[in-house]
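# Working through the structure, step by step
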Amino acid sequence: MTSYGTKIKAVLLCGAMAFGGGTAVHAEMEEQEVADLLHLVMSSDRTVYTRMIVNRLAVKEKVITASEHFEDEKALVLPAQMFRFGAEMVAEETDAFSYSLLSLWPINKQNAPATDLEKEGLQYLVDNPGENFYGEEELGGQNYFTAFYADVAVAEACTSCHNDHKDSPKTDFEGGDVMGGVVIRIPVE
C-alpha cells in the first residue's frame, strides 16, 4: 500500500474512532475496503440529493426544475453534475484517490468509458446486477486499484431525465436499472 493508502487508512481509522467505531476498523485496510467505504459515502449522498431534493422538488412538487444549464435557468444542479463537482473538489485537495461517474450510454460524451478496464467494468455491472467489479490498471505510468459500482436509477428524476434528454443514446430506463457506474481509483505501488 502506498503512502496515499496509508493516509486514507489513517483518516478512516481516526474518523471511525471519533464516532466510537474504533474497534470495528482494522489498522490495515486493503484498497478494496477503502474503495467500498468511499463508495458507501458517495452513494448515500448522491441518493439523498436525488430523492430528497431533485425528485421531491422537481418531479413530485414541481417547485423548481433540474437542468444541466442550472445557472442560466436558475434550476437545481443535476445529480450527475453534483457528483462531478464533488469529484473535482476532491481532486483539488488530494491525489490519494479519484472518482468519476461513467456510462455505456452517456448523455455527455466525456462520461463514456475510455480504457479497456472501464469498458469491462461497466459491462460487468450491467450483466451482474448487485455486484461490484475490481481490477488494476496502469495509466500514465502509475498503477491503480480501480473499483466499479453500479449507478442505479433510484428515483423517477433519474429515468425521466435520461429517457427524455435529446442526446440520450438509451431512452428506456426504468427504476432500479443500472445506468452507469461509479469508478474509484486508488494509486498503488
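Scope of this entry: the structure provided in the associated data block.

The rules behind these values
Residues numbered from 1 in each chain as written. Predicted model: local features only at pLDDT ≥ 70, side-chain atom pairs only at ≥ 80, totals over all residues. Heavy atoms only, no water. Helix = DSSP H or I, 4+ residues; strand = E, 2+ residues; numbered from the N terminus. Expected span 1.5 Å × (residues − 1). Buried < 20%, exposed > 50% of the residue type's maximum accessible area, 1.4 Å probe, protein only. Contact = heavy atoms within 4.5 Å. Phe/Tyr/Trp six-rings, centres within 6.5 Å; stacked < 30°, edge-to-face > 60°. Lys NZ or Arg CZ within 6 Å of the ring centre and 35° of its normal. Pairing = 2+ DSSP bridges. Axes fitted to C-alpha atoms, helices over the stretch in contact; angles between N-to-C directions. 1 Å grid on protein atoms, 1.4 Å probe; cavity = no way out; pocket = protein on both sides within 12 Å on 5 of 7 lines; lining within 4 Å. Points joined across faces, edges and corners; volume = space filled by probe spheres on them. Nonpolar A, V, L, I, M, F, W, Y, C, P; charged D, E, K, R; others polar.

Let us look at helix H4 (residues 79-93). A rise of 1.5 Å per residue sets the reference length of H4, with its 15 residues, at 21 Å; its end C-alpha atoms lie 22 Å apart and thus fit the reference within 8%. By the burial criterion, the buried members of H4 are Pro79, Gln81, Phe83 and Ala87. Those residues of H4 that are buried lie in contact with helix H2 (31-60), helix H3 (70-73), strand S1 (98-102) and strand S4 (178-188).

What follows covers the packing of aromatic side chains. For the coordinates displayed, the defined rule picks out 8 aromatic pairs. The interplanar angle of 70° and the centroid separation of 5.9 Å between the aromatic rings of phenylalanine 70 and phenylalanine 85 together place this pair among those described as edge-to-face. One end of the pair, phenylalanine 70, is in helix H3; the other, phenylalanine 85, is in helix H4, with 15 residues separating them in the sequence. A relative accessible area of 18% means that phenylalanine 70 is categorised as buried. Summarising the aromatic geometry, the rings of phenylalanine 133 and phenylalanine 148 are spaced 5.6 Å apart at their centres and angled 65° between planes, so their arrangement reads as edge-to-face. Within this pair, whereas phenylalanine 133 is found in strand S2 (residues 133-139), its partner phenylalanine 148 is found in strand S3 (residues 142-152), the two being separated by 15 residues in sequence. Side by side, phenylalanine 133 and phenylalanine 148 carry an identical accessibility label, which is buried. One aromatic cluster is present, built from ring pairs that chain together Phe83, Phe97 and Tyr99. In this structure, arginine 46 packs its charged tip against the face of phenylalanine 83, placed 5.5 Å from the ring centre. When the ring centre of tryptophan 105 is taken as origin, the NZ or CZ atom of lysine 170, which lies over that ring, is 5.3 Å away.

Another point: unusual backbone geometry. Even without glycine at this site, lysine 62 takes up a positive phi of about 50°. Its place among the elements puts lysine 62 in the loop between H2 and H3. Judged by its relative accessible area of 63%, lysine 62 falls in the exposed class. A positive phi angle is found at lysine 74, which is not glycine, with a value near 50°.

Further remarks concern the sheet that holds S4. One open sheet accounts for 4 strands, arranged S1-S4-S3-S2; its pairing is antiparallel. Looking at strand neighbours, the two that pair on one side only are S1 and S2, the edges of this open sheet. Averaged over all pairs of adjacent strands, the angle between strand axes in this sheet comes to 25°, irrespective of strand direction. By the bridge criterion, 7 bridges tie S2 to S3 in an arrangement that is antiparallel. Bridge pairing links leucine 139 to glutamine 142 in S3.

Rolled over the atoms, a probe as big as a water molecule pinpoints where empty space is left. What the largest pocket holds in volume is close to 1,100 Å³. Around the largest pocket sit 46 residues that line it, and Leu78, Ala80, Gln81, Cys161 and His162 are the ones nearest its centre. Put simply, the parts of the chain that give the lining of the largest pocket at least two residues each are H2, H4, S1, S3, helix H6 (156-164) and S4. Broken down by element, the residue count for the lining of the largest pocket peaks at 9 residues, all from H2. Taken together, the residues of the lining of the largest pocket sort by class into 23 nonpolar, 17 polar and 6 charged.

What follows concerns the environment of leucine 102. With respect to the helices and strands, leucine 102 occurs in strand S1. Classification of leucine 102 by relative accessible area gives buried; the value is 7%. In this structure, the C-alpha to C-alpha distance between leucine 102 and alanine 112, residues 10 residues apart in sequence, is 5.6 Å. If we ignore the near neighbours within four places in the chain, the residues touching leucine 102 are Asn111, Ala112, Pro113, Glu118, Leu122, Gly180, Gly181 and Val183.

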